[in-house]
Amino acid sequence: MGRTLISGGLVITATEEVEADVLVVDEKIAAVATPELAEQWRPGADRVIDARGRYVIPGGVDGHTHMQMPFGGTYASDTFETGTRAAAWGGTTTIIDFAIQSIGHSLREGLDSWHAQADGQCAVDYGFHLVLSDVHESALKELDALVGEGITSFKMFMAYPGVFYSDDGKILRAMQQAAGNGALTMMHAENGIAIDVLVQQALAEGRTDPRQHGKVRHPLLEAEATHRAIQLARVAEAPLYVVHVSASESVAELTQARDAGLPVFGETCPQYLFLDVTELDRPGFEGAKFVCSTPLRPAEHQESLWRALRTDDLSVVATDHCPFCFTPQKELGLGDFSKIPNGLPGVEHRVDLLHQAVVAGRITRRRWVELASTAPARMFGLHPRKGSLSAGSDADVVIYDPAAEQVLSAETHHMNVDYSVYEGRRITGRVDTVLSRGEAILDEGEYRGRAGHGQFLPRGTCGYLT
Ligand code: URP
Ligand code: ZN
Ligand code: ZN
């Protein structure tokens, strides 16, 4: 791989912006220095990348993806191969996907199966969280061993009764185990039992269209579950990370907890920042393209999400990438909105969409880098290997053109899905070049990645707790 000098760009990290050159030696960042000092590296470089007029940022870390996830009788349409390729196109050099424990099976079986699916397939590095669907004492003991193997976070669901749902007792018990072994509990916070009652009422009244998805998944049922998860975590004396927060009432719960000094963290996703519930009103069955849980909310929720991203009451933006093709997958819910597979495509666009917030003056460039890369790396025990441009970090580097214009579309995206939730949206900024552990996997807009380049990342414990 040799020596690569990235010269003349504006180096942006979570803490500073500086005109500097970056020296990459093999898989690692070797040094960052002023252009004058870096002149000495030029003769020995195998390659010099001219980054003038562009940003040099750490590769994105998407802490929430679901490649080829089984859901609602089908599978998410991106495999580890196609999904990580799309991630690379969008400047994301690390994903953390969810291995799932099936009911009646051990955690180890779930993890082994996800390793088998991802091994040799990924274009970028990847780690795993574990979904606990069947909490019993032997599974909890396994958790201790898995933390030692770098699976340091697990997700539980207060939603989806009969599928992934865990009751409060199981959640409390798992949190207690996490308090002892250093794992981070991730929570899908929606009151699934109450939602199911509203689903049955809607269907009985003949309300079967995608719009009902937004109605039955009431924001107060997200807020109530968020509150309950926080209280359970307090009782267990365990940290908590609430995934895909979309409702302002849930943000208020997080703010209150964090103001009280509790180790509670929140994540939101681009779809809640850039799309709203009116998408579910599209004619015919088109609204199904926007069915995800938590659901898209009325636009007025967005301001509190943006504010919380500025105040750090929300600390991470992940995609919850879980794509299903409109035909035939979303169409499984024709005539019954509750059968529409839940999830949206997004892994390719997170870095670009967050850049729109920089352009609009909502967040600073440093906060952009923090939300997209450094904070998730730290949250999930990957920092400073990932999310950093310091000497010794992995050379995961994105060279970003802040002035380029592009139009998002299913015609041009690289995700394996037949529609884009951002179809026709004009955005400013584009990823030009991506290094993953020193290798140019996207080179001035030419894809040079390969399945199998991406390596499994055993993770440490949450960097915000130590
Ligand atoms: O709609 C969603 N979010 N699908 C993926 C599964 C989950 O709950 O994260
Ligand atoms: Zn979820
Ligand atoms: Zn998810």
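Shown above is the structure to which this text applies.
In this text the structure is predicted, and so the values were computed from the model without any measurement.

Novice: Give me the lowdown on the site of ligand 1, citing residues and values where you can.
Specialist: Around ligand 1 sit 13 residues in total, of which Lys155, His188, Ser293, Asp320 and Asn342 are the nearest. Between ligand 1 and the protein, one listed contact pairs an oxygen atom with a side-chain N or O atom of histidine 66 at 3.2 Å. A distance of 2.6 Å separates a nitrogen atom of ligand 1 from a polar side-chain atom of aspartate 320. Its free accessible area being 270 Å², ligand 1 has 100% of it covered by the protein chains. Judged by the fraction of its atoms near the pocket grid, ligand 1 is located in the largest cavity. When the residues that make up the shell around ligand 1 are grouped by side-chain class, the tally is four nonpolar, seven polar and two charged.

Novice: Break down unusual backbone geometry for me, with residues and values.
Specialist: Look at the link from serine 293 to threonine 294: it is a cis peptide, with omega at 0°. The linkage connecting threonine 327 with the following residue, proline 328, adopts the cis geometry, with an omega of 0°. Of note, proline 328 is situated in the loop between β15 (316-317) and α12 (350-359). Backbone geometry places aspartate 26, a non-glycine residue, at a positive phi of 55°. Residue position: aspartate 26 is located in the loop between β2 (17-25) and β3 (28-33). Judged by relative accessible area, aspartate 26 falls into the partly exposed class, the value being 39%. We note that tyrosine 160 has phi near 60°; this positive angle belongs to a residue other than glycine. Looking at the secondary structure, you find tyrosine 160 in the loop between β11 (153-157) and α5 (168-181). Among the residues examined, tyrosine 160 registers a relative accessible area of 13% and is labelled buried.

Novice: I'd love a proper account of the coordination of the zinc ion (ligand 2), names of residues and values included.
Specialist: Here the zinc ion (ligand 2) is held by Lys155 (NZ), His188 (ND1) and His244 (NE2), and the distances to it run 2.1 to 2.3 Å. Donor residues binding the zinc ion (ligand 2) come from one chain and are separated in sequence as K-x32-H-x55-H.

Novice: If you had to explain helix α13 (residues 365-379) to someone new, which residues and values would you point to?
Specialist: Its 15 residues place the ends of α13 20 Å apart at the C-alpha level, agreeing with the 21 Å of an ideal helix rising 1.5 Å per residue. Of all the bends in α13, the greatest, near 50°, is centred on leucine 371. Here α13 lies mainly inside the structure; 11 of its 15 residues are buried. Within α13, the full set of buried residues consists of Arg367, Trp368, Val369, Leu371, Ala372, Ser373, Thr374, Ala375, Pro376, Ala377 and Met379. Of the residues trailing α13, glycine 381 is marked for its positive phi of about 70°.

Novice: Please set out the sheet that holds strand β12 (residues 184-188) residue by residue, giving values where relevant.
Specialist: The sheet built from eight strands is open, its strands ordered β6-β9-β10-β11-β12-β13-β14-β15 with parallel pairing. Looking along the sheet, the strands with just one partner apiece sit at the ends: β6 (60-65) and β15. Helix α8 (residues 219-236) rests against β12, β13 (240-242) and β14 (264-268) of the sheet, and its axis sits at about 170° to β13.

Criteria and cut-off values
- Residues numbered from 1 in each chain as written.
- Chains lettered and ligands numbered in written order.
- Predicted model: local features only at pLDDT ≥ 70, side-chain atom pairs only at ≥ 80, totals over all residues.
- Heavy atoms only, no water.
- Near = heavy atom within 4 Å.
- Polar contact = N/O pair within 3.5 Å; in protein donor to acceptor, adjacent residues only side chain to side chain.
- Areas by Shrake-Rupley, 256 points an atom, 1.4 Å probe, with all protein chains shown as cover.
- 1 Å grid on protein atoms, 1.4 Å probe; cavity = no way out; pocket = protein on both sides within 12 Å on 5 of 7 lines; lining within 4 Å.
- Sits in = over half its atoms within 2 Å of the grid points.
- Nonpolar A, V, L, I, M, F, W, Y, C, P; charged D, E, K, R; others polar.
- Helix = DSSP H or I, 4+ residues; strand = E, 2+ residues; numbered from the N terminus.
- Buried < 20%, exposed > 50% of the residue type's maximum accessible area, 1.4 Å probe, protein only.
- Donors = N, O, S within 2.8 Å, 3.2 Å for Na, K, Ca; no water.
- Expected span 1.5 Å × (residues − 1).
- Bend = angle between axes of the 7 residues up to and from the residue.
- Pairing = 2+ DSSP bridges.
- Contact = heavy atoms within 4.5 Å.
- Axes fitted to C-alpha atoms, helices over the stretch in contact; angles between N-to-C directions.

On their own, these measurements won't tell you what the molecule is for.
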